Amino acid sequence: MPRNLHGAIMEIEFAGAAREVTGSCHIVRVNGKTVLLDCGLFQGRRSDADAKNRTLPCPTEQIDAVVLSHAHLDHSGRLPFLASHGFAKVIHATNATADLCAIMLADSAHIQESDFAFLSRHGRDVNPPLYGVRDAARAEELMERHGYDEWFDVCSGVRARYVDAGHILGSASVVIEAITGTSVTRVVFSGDIGRAGLPIIRDPVPPSDAADIVIMESTYGNRDHESVATARDHLARVVRETAARGGRILIPAFAVGRTQELVYDLQVLAREKGIPPIPIIIDSPLATAATGVFERNTDVFDHTEEPVRDIEQLFRFAQLTYTSSTAESKALNARVGPMIVIAGSGMAEGGRILHHLLNGASNSRNTILIVGYQAENTLGRRIVERRPVIRVLGNDVELRASVEIINGYSAHADRTELANWLNAVRRTSPKLRTVCLVHGEEDAQEALSGALHAQGYSVKCPALHEKLAL
Ligand SMILES: [Zn+2]
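Here is a short report on the structure shown in this document.

1. Some remarks on the coordination of the zinc ion
The protein atoms that coordinate the zinc ion are His-70 (NE2), His-72 (ND1), His-167 (NE2) and Asp-192 (OD), at distances spanning 2.2 to 2.3 Å. Taken together, the 4 donor atoms coordinating the zinc ion and their angles of 91 to 165° define a geometry best described as irregular. The motif formed by the donor residues of the zinc ion, counted along the single chain, is H-x1-H-x94-H-x24-D.

2. Considering the sheet that holds strand β10 (residues 183–189)
Strand order in this open sheet of 7 strands is β7-β8-β9-β10-β11-β20-β21, and the pairing throughout is mixed. The outermost strands of the open sheet, each flanked by one partner alone, are β7 (152–155) and β21 (459–460). Direction of pairing for β7 relative to strand β8 (residues 158–164): antiparallel, over a ladder of 3 bridges. In the strand pairing of β8, Phe-152 is matched with Ala-160. Sitting on the sheet, helix α13 (residues 415–427) is in contact with β9 (172–180), β10, β11 (213–217) and β20 (434–438), with an inclination near 165° to β11.

3. As for the pattern of salt bridges
Under the defined criterion, the tally for this structure stands at 23 salt bridges. With its nearest N and O atoms 2.9 Å apart, the salt bridge here joins Arg-54 to Asp-50. What makes Arg-54 partly exposed here is its relative accessible area of 30%. Close ionic contact of Glu-177 with Arg-159 constitutes a salt bridge, the shortest N to O distance being 2.8 Å. Note that Glu-177 is positioned in strand β9 and Arg-159 in strand β8, a separation of 18 residues in sequence. Its relative accessible area of 28% is what places Arg-159 among the partly exposed residues. Through salt bridges that share partners, Glu-11, Glu-13 and Arg-29 make up one connected network.

4. Remarks on helix α6 (residues 228–244)
The terminal C-alpha atoms of α6, which comprises 17 residues, lie 26 Å apart, in line with the 24 Å expected from a rise of 1.5 Å per residue. If you check which residues of α6 are buried, you get Val-228, Ala-231, His-234, Leu-235, Ala-236, Val-238, Val-239, Thr-242 and Ala-243. Those residues of α6 that are buried are in contact with β12 (248–252), α7 (258–271), β15 (339–343), β16 (367–370) and β19 (402–405).

5. What to know about the packing of aromatic side chains
Taken as a whole and assessed by the stated rule, the structure comprises 4 aromatic pairs. The interplanar angle of 35° and the centroid separation of 5.3 Å between the aromatic rings of Phe-152 and Tyr-162 together place this pair among those described as tilted. Here Phe-152, found in strand β7, pairs with Tyr-162, found in strand β8; they are 10 residues apart in sequence, far enough to count as distant. Taken individually, Phe-152 and Tyr-162 each receive the classification buried, so the pair is uniform in this respect. Ring geometry for Phe-301 against Phe-315: centres 6.3 Å apart, planes inclined by 85°, an arrangement best described as edge-to-face. Note that Phe-301 is positioned in the loop between α8 (285–296) and α9 (306–310) and Phe-315 in the loop between α9 and β14 (320–322), a separation of 14 residues in sequence. Residue classification places Phe-301 among the buried residues on the basis of a relative accessible area of 3%. Under the relative-accessibility criterion, Phe-315 is labelled buried at 1%. Each member of the aromatic cluster is reached from another via a ring pair, and the members are Phe-294, Phe-301 and Phe-315.

Rules of the game
Every chain begins its residue count from 1, and numbering advances along the sequence as written. Local features in this predicted model are restricted to residues whose pLDDT is 70 or higher, and side-chain atom pairs enter the listing and the counts only when it is 80 or higher, whereas totals over whole chains, interfaces and linings include all residues. Each side-chain value is worked out from all heavy atoms of the structure, with water and hydrogens disregarded. The donor set comprises N, O and S atoms within 2.8 Å of the metal, extended to 3.2 Å for Na, K and Ca; water molecules are omitted, so apparent gaps in a site may simply reflect that omission. In short, tetrahedral needs four donors with all angles between 85 and 135 degrees, square planar needs four and octahedral six donors with opposite donors over 155 degrees apart and all other angles between 65 and 115, and whatever is left is irregular. Between any two strands, pairing holds if DSSP finds at least two bridges. Numbering of helices and strands runs from the N terminus; a helix is a DSSP stretch of H or I covering at least four residues, while a strand is a stretch of E covering at least two. Contacts: residue pairs with any heavy atoms within 4.5 Å of one another. Whenever a helix is involved, its axis is fitted only over the stretch in contact; in every case the axis is a line through C-alpha atoms, and angles between N-to-C directions fall within 0 to 180 degrees. What counts as a salt bridge is simple: a side-chain nitrogen of Lys or Arg found within 4 Å of a carboxyl oxygen of Asp or Glu. Categorising residues by exposure relies on relative accessible area from a 1.4 Å probe, with only protein chains included: less than 20% of the type maximum marks a residue as buried, more than 50% marks it as exposed, and the intermediate range marks it as partly exposed. What a helix should span is 1.5 Å times the count of its residues minus one. Classification of ring pairs uses Phe, Tyr and Trp, with its six-membered ring standing for Trp, and accepts pairs whose centres are within 6.5 Å; under 30 degrees between planes counts as stacked, over 60 as edge-to-face, and the remaining range as tilted.

Structure representation (structure tokens):
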């Protein structure tokens, strides 16, 4: 391995989220140690993703530690797989990330186990689950918790610090520092970068340490979003209009993050009388559990937001109910009058939202409100495309409900915000050599790479397993 000018030795291997958006995993080898930044699930077409997920990023006995950026499964979802293959060293995480992983990894394992049982019962020849609930619990036991902005030892000769990435609760950018003799090499890994002004969580903080290399996400490197500020007004209008015609507002939403943001905005609107006093139902056990994690981590909320300061129970108010049992969920179908139902999954690929769509999508008084990205080949995408007939739980349903789309809740920085974040890092990084773009489709990476080149950056878009020596 070549030495750099200061004599430090480091190699970075891009073992996931390389020219794609899932499977985040970067291997840092330095001073004879191997550290993984993230170990996420590859998602997408089942057979391709499954083969990648079953390949370890490197032999587990070589890994000295994992540093996790945040709890989303495309960053954390293969930690139980590592644990099931003998990894028993430390997984570093922020407090809220460790709390969220406890419920999200268990949920992911549970879904894999029950899907496997269901498909096997129906005679399908499918691979066994990647891991089970016990492996998820084992990964959770390996987690060591840290606050933001405190240096911690990753392993000998390597330390790190978490800086708020403002993406989801507990999300962080990571500064990794390797000390060799008297020289220091620093890698800044962005994790997923959020947006200023998102409800509940703080704004992203670009690390101010002098970086030699930046590994940066590029999910929305080719587009700008609707502003965060208009999302709440848009939500209010949809609720008022639908309630006025006696309909229901059905919202497929991710259980962690998006649901809590909607609840927060709905409470603010209810207090301002910006929406009528109709029932609001959170019909998702995972969302209920995630809300509990939010309530235990209020110290990392954005205390500059008025509602965070002034409202004691951000996620509990008179109009709002959390369902518990499946029976309670199904009983909602028999209720009359306008209401708001928020349920998973976020892309309407599974979960309780399907029952509500089966019953409600053909009623022209209702609205299906889309508040998150809908990938190709999902029911959510077909709803966005306003297909005249959609297939729900094996039934053809005429799509007569209104479809409304709010993009302002996106938890990812857009191209302008990504460039601003990087420019801030560059201001404190006189020796910054290269920016490696990860976690983006090729179109997004090409666009962002071009824009950054024009601003004088040296940019790489590493391929899977490409290595960078410094
Ligand atoms: Zn994320």
